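Each chain, letter by letter, is given below.
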Amino acid sequence: MARRPFVGGNWKMNTDRTSGAALVAALVAGCGDLAEGVEIVVFPPFPYLDLVRRSLGESEISLGGQDLSNDANGALTGEVSAEMLLDSGAQWVLVGHSERRQRMGECDALVADKLLMALESGLSSVLCVGETLEQREAGSSSRVISAQIVSALDHVHPAQFQRVVVAYEPIWAIGTGVVASPQDAADAHAAIRDALTSRYDSALARETRVVYGGSLAPGNAKALFAQPGVDGGLVGGASLKAPDFLSICSAAAFGVAAR
Ligand code: PGA
């Protein structure tokens with residue numbers, strides 16, 4: 001079965017009530033029937049989840065949180081639970097984004113716990129993996145990515161894993177304007193599918209959507225999505241401009257389907 005392309009818009013710590021609502025309105029107005037061919041999810045900051053959910057209305061675009069707690073509830077100041085995300089209308093959550101791994105010190109074990117919490121609560125999840133520039137230059141990209149996959153999926157059952165999209169996000173490409181070459185992305189995506197085959201089996205690895213993230217833009221999306229193993233993208237900066245984000249969604253819908 002062909003994999004349905006996936007494009008996520010990670011707004012990070014950007015927008016406010018006014019600009020967030022305007023961005024969603026532009027996405028809803030401009031998306032037409034694009035969401036039939038590509039699964040589109042926006043990940044606004046927590047305070048705007050409800051606002052964005054209401055603005056999305058009956059649109060096919062889905063909603064996700066950028067993070068979640070590995071605990072269900074309790075005395076955890078500042079944390080947001082999986083149930084709260086679901087209660088706010090989110091179906092998706094990002095886990096293991098490199099900004100959280102690097103800036104907030106999230107280790108592999110915490111990423112694994114968060115992923116399990118998300119899946120056990122009924123959320124779908126984008127699991128982000130990727131290597132640093134130093135690791136890439138040392139030739140250890142595949143080893144690093146595989147280790148992140150193995151660790152994050154240690155306790156995830158095959159049935160739960162069907163609700164996971166894996167995002168290959170080389171850290172040196174995030175927010176830098178330096179994009180991975182289509183060949184780099186193809187190689188990394190192949191390494192991810194090899195790791196998934198070892199963890200589960202080749203059928204599940206083949207069904208899994210693996211998307212690329214890191215300085216995606218309308219000008220480079222098409223070439224990346226033409227690679228056989230690249231099933232869409234996780235978009236940061238360009239997701240804040242509706243025309244750019246929709247252009248990337250359209251490249252995924254048509255590019256992935258055409259190959
Ligand atoms: P970027 O971010 O598109 O701004 O590089 C991607 C991401 O962090 O998901």
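Above this text is the structure in question.
The following paragraphs examine the structure supplied in this document. All values derive from a computational prediction rather than experimental measurement.

On to the overall build of the chain. When helices and strands are counted, the chain shows 13 helices and eight strands. Radius of gyration (C-alpha) of the chain: 17 Å, near the 18 Å computed for a compact globule of 259 residues. Projected onto its principal axes, the C-alpha coordinates of the chain cover approximately 45 × 45 × 35 Å. For the chain, the residues scored as buried account for 54% of the 259 residues in total. Taking as baseline every contact in the chain between residues at least 6 positions apart, the subset at least 24 positions apart corresponds to 74%. Carbon and sulfur atoms make up 52% of the accessible area of the chain, which amounts to about 11,300 Å² in all. The averaged location of the 29 negative side-chain charges in the chain is 3 Å from the averaged location of its 20 positive side-chain charges.

The strand order β1-β2-β3-β4-β5-β6-β7-β8 describes a closed barrel built from eight strands, whose pairing is parallel. Each strand of the sheet is rotated relative to its neighbour by a mean of 25°, with strand direction disregarded. Its contacts with the sheet put helix α8 (residues 141-152) on β5 (124-129) and β6 (164-168), and the angle it makes with β5 is roughly 150°.

Around the ligand, a shell composed of 13 residues is seen, among which Lys12, His97, Glu169, Gly175 and Ser215 lie nearest. Between an oxygen atom of the ligand and a side-chain N or O atom of His97, the distance comes to 2.7 Å. At 2.9 Å from an oxygen atom of the ligand is found a main-chain nitrogen or oxygen belonging to Gly236. Tallied by class, residues from the shell around the ligand come to four nonpolar, seven polar and two charged.

The subject of this paragraph is helix α6 (residues 108-121). When the terminal C-alpha atoms of α6 are compared, their 20 Å separation across 14 residues agrees well with the 20 Å that a helix rising 1.5 Å per residue should span. Looking at α6, one finds that the buried residues are Val111, Ala112, Lys114, Leu115, Leu116, Met117, Ala118, Leu119 and Ser121.

Counting buried positions along strand β1 (residues 6-10) yields five of five residues, so the element is predominantly enclosed. The alternating pattern of β1 places Phe6, Gly8 and Asn10 and Val7 and Gly9 on opposite faces, both of which are buried. Strand direction decides the pairing type here: β1 and strand β2 (residues 39-43), joined by five bridges, are parallel. Note that in β2 the partner of Gly8 across the bridge is Val41.

Residue position: Lys12 is located in the loop between β1 and α1 (17-31). Under the relative-accessibility criterion, Lys12 is labelled buried at 19%. Sequence separation of Lys12 and Ala72 is 60 residues, and the distance between their C-alpha atoms is 23 Å. Here Glu99 takes part through its side chain, which lies 2.8 Å from a polar atom of the side chain of Lys12.

On to the pattern of salt bridges. Applying the stated criterion across every chain, the model contains 12 salt bridges. Residues Asp67 and Arg100 are paired through a salt bridge, measuring 3.1 Å at the closest nitrogen-oxygen approach. With a gap of 33 residues between them, Asp67 in the loop between β3 (62-65) and α4 (82-87) and Arg100 in helix α5 (residues 98-103) connect regions that are remote in the sequence. Judged by relative accessible area, which is 9%, Asp67 ranks as buried. The partner of Asp184 in a salt bridge is Arg136, with the nearest N and O atoms 3.4 Å apart. Of this pair, Asp184 sits in helix α10 (residues 182-199) while Arg136 is found in helix α7 (residues 133-137), placing the two residues 48 residues apart along the sequence.

Definitions and cut-offs
Along each chain, the written sequence defines residue order, and numbers are assigned to residues from 1. With the structure being a predicted model, the display of local features is reserved for residues of pLDDT at least 70 and the display and counting of side-chain atom pairs for 80 or more, all residues being used for whole-chain, interface and lining totals. Only hydrogens and water are removed before side-chain values are computed, so all heavy atoms of the structure are retained for them. A run of DSSP states H or I qualifies as a helix once it reaches four residues; a run of E qualifies as a strand once it reaches two. Both are numbered from the N-terminal end. Based on C-alpha atoms, the radius of gyration is set beside the globule rule, defined as 2.2 Å times the residue count to the power 0.38. Accessibility here uses a 1.4 Å probe with only protein chains present; expressed as a share of the type maximum, an area under 20% marks a residue as buried, one over 50% as exposed, and anything in between as partly exposed. Between two residues, a contact is recorded if the distance between any of their heavy atoms is within 4.5 Å. What sets the accessible areas is the Shrake-Rupley method with a 1.4 Å probe; for residues, cover comes only from the shown protein chains. His is not counted, nor are the chain ends, whereas Lys and Arg count as positive and Asp and Glu as negative. Think of each charge as sitting on NZ of Lys, CZ of Arg, CG of Asp or CD of Glu. We call two strands paired when DSSP finds no fewer than two bridges between them. To obtain an axis, a line is fitted to C-alpha atoms, over the contacting stretch when the element is a helix, and the angle between two such axes runs from 0 to 180 degrees between their N-to-C directions. Whether a residue is near a molecule or strand is decided by its heavy atoms; if any one of them lies within 4 Å of it, the residue is near. Between N or O atoms, a polar contact is any pair within 3.5 Å; within protein, one atom must be a potential hydrogen donor and the other a potential acceptor, and residues adjacent in sequence are included only when both atoms are from side chains. Nonpolar residues are Ala, Val, Leu, Ile, Met, Phe, Trp, Tyr, Cys and Pro. Charged residues are Asp, Glu, Lys and Arg, and all others, Gly as well, are polar. Given a helix with a known number of residues, its expected span is that number minus one, times 1.5 Å. We count a salt bridge whenever a side-chain nitrogen from Lys or Arg sits within 4 Å of a carboxyl oxygen from Asp or Glu.

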